[in-house]
Amino acid sequence: METGHRQDQRTATERRRTELLEAAERVVLRDGPEASMNAIAAEAGITKPILYRHFGDKSGLYRALAKRHTDALLATLRSALDSPGDRRDRVEATLHAYLSAIETRPQVYRFLMHPAETPAADGEKGFDVGRHQAPLLRRMGEDLGEVIAERLDLGPDSRQVARIWGHGIVGMMFAAGDWWLGERPCSRDELVRTLADLLWGRLTLAGDRAGSQGL
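In this report, the structure presented in the accompanying data block is examined.

Criteria and cut-off values
- Residues numbered from 1 in each chain as written.
- Predicted model: local features only at pLDDT ≥ 70, side-chain atom pairs only at ≥ 80, totals over all residues.
- Heavy atoms only, no water.
- 1 Å grid on protein atoms, 1.4 Å probe; cavity = no way out; pocket = protein on both sides within 12 Å on 5 of 7 lines; lining within 4 Å.
- Points joined across faces, edges and corners; volume = space filled by probe spheres on them.
- Helix = DSSP H or I, 4+ residues; strand = E, 2+ residues; numbered from the N terminus.
- Nonpolar A, V, L, I, M, F, W, Y, C, P; charged D, E, K, R; others polar.
- Axes fitted to C-alpha atoms, helices over the stretch in contact; angles between N-to-C directions.
- Parallel < 35°, antiparallel > 145°, perpendicular 65-115°, else oblique.
- Left-handed = near helix turned anticlockwise from the far one by under 90°.
- Contact = heavy atoms within 4.5 Å.
- Buried < 20%, exposed > 50% of the residue type's maximum accessible area, 1.4 Å probe, protein only.

What about the layout of surface pockets?
A volume near 340 Å³ is recorded for the largest pocket. Lining the largest pocket are 18 residues, with His 69, Leu 73, Ala 101, Ile 102 and Leu 112 positioned closest to its centre. Counting residues per element, the ones that place at least two in the lining of the largest pocket are helix H4 (58-81), helix H5 (87-104), helix H6 (106-113) and helix H7 (129-151). Tallying contributions element by element places H4 first for the lining of the largest pocket, with 6 residues.

Shown next as structure tokens:
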């Protein structure tokens with residue numbers, strides 16, 4: 001009975017945490033990098049101390065939001081890598097998937113990747129984005145490197161090369177996507193084609209790993 005009670009408490013806590021994250025997302029969609037803990041607590045109909053009780057501190061809430069969106073983005077990228085077509089088609093589909101994700105929800109992207117340029121309306125200091133940005137990108141690079149290692153035979157140091165490619169491709173997508181989202185110098189199709197051209201030389205020479213579905 002006691003074990004069941006503890007399980008019910010855990011389930012209720014997880015459900016409440018999800019509700020708070022959804023409230024935080026609504027504020028982020030509205031306010032972008034200027035989102036504050038005060039605004040999120042107000043959106044959730046609770047006091048700020050209760051919000052801290054669930055996430056520990058501001059960094060804890062940022063990490064929870066970053067994990068939620070990074071999980072979804074990585075799933076989208078993996079799905080694009082599994083899409084029909086040849087290798088070039090899948091490379092372009094993956095680039096499109098990333099750019100579409102940041103274009104569709106630019107406020108969420110800016111909250112996760114850009115520090116607030118002005119204080120929140122209530123005067124609260126913004127989230128410390130710079131402290132968390134690198135681990136977020138590193139996680140994406142490691143995940144993409146794992147996919148490449150699973151699917152391509154890159155020679156004797158295949159796994160190490162795959163990790164380098166993973167981090168390099170993520171860095172390229174982030175820098176080019178950030179520039180494109182801010183300035184819109186060309187269409188998404190043109191950006192995708194040009195980035196794919198940059199990647200294509202070495203990719204076209206790599207063989208699929210035996211037993212894998214290839215890249």
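Some words on empty space enclosed by the protein
A full pass over the atoms with the stated rule returns 2 cavities of 30 Å³ or more. Here the largest cavity defines a volume of roughly 130 Å³. Along its surface, the largest cavity is lined by 12 residues, and Leu 81, Val 91, Leu 144, Ile 169 and Leu 199 are the ones closest to its centre. The set of elements that each furnish at least two residues to the lining of the largest cavity consists of H5, H7, helix H8 (158-183) and helix H9 (188-203). Looking at the lining of the largest cavity residue by residue, the class counts come to 11 nonpolar, 1 polar and no charged. As a volume, the second largest cavity reaches approximately 60 Å³. For the lining of the second largest cavity, the secondary structure elements donating two or more residues are H4 and H7. Here the residues of the lining of the second largest cavity are counted per class, giving 7 nonpolar, no polar and 2 charged.

Here we look at the packing of H6 against H8
Direction vectors running N to C along H6 and H8 enclose 125°, while the axes themselves pass 12 Å from each other. The angle between H6 and H8 places the two elements in the oblique class. Crossing hand, H6 versus H8: left-handed. Where H6 abuts H8, its residues Pro 106, Tyr 109, Arg 110 and Met 113 lie against Phe 174, Asp 178 and Leu 181. The residue inventory of the contact of H6 with H8, partitioned by class, reads 5 nonpolar, no polar and 2 charged.

Comments concerning the environment of Arg 17
On the secondary structure map, Arg 17 appears in helix H1 (residues 2-31). Note on Arg 17: relative accessible area 32%, which makes it partly exposed. Placed 37 residues apart in sequence, Arg 17 and His 54 show a C-alpha to C-alpha distance of 6.7 Å. Among all residues touching Arg 17, those that are not within four sequence positions of it are His 54, Phe 55 and Ala 64.

On their own, these measurements won't tell you what the molecule is for.
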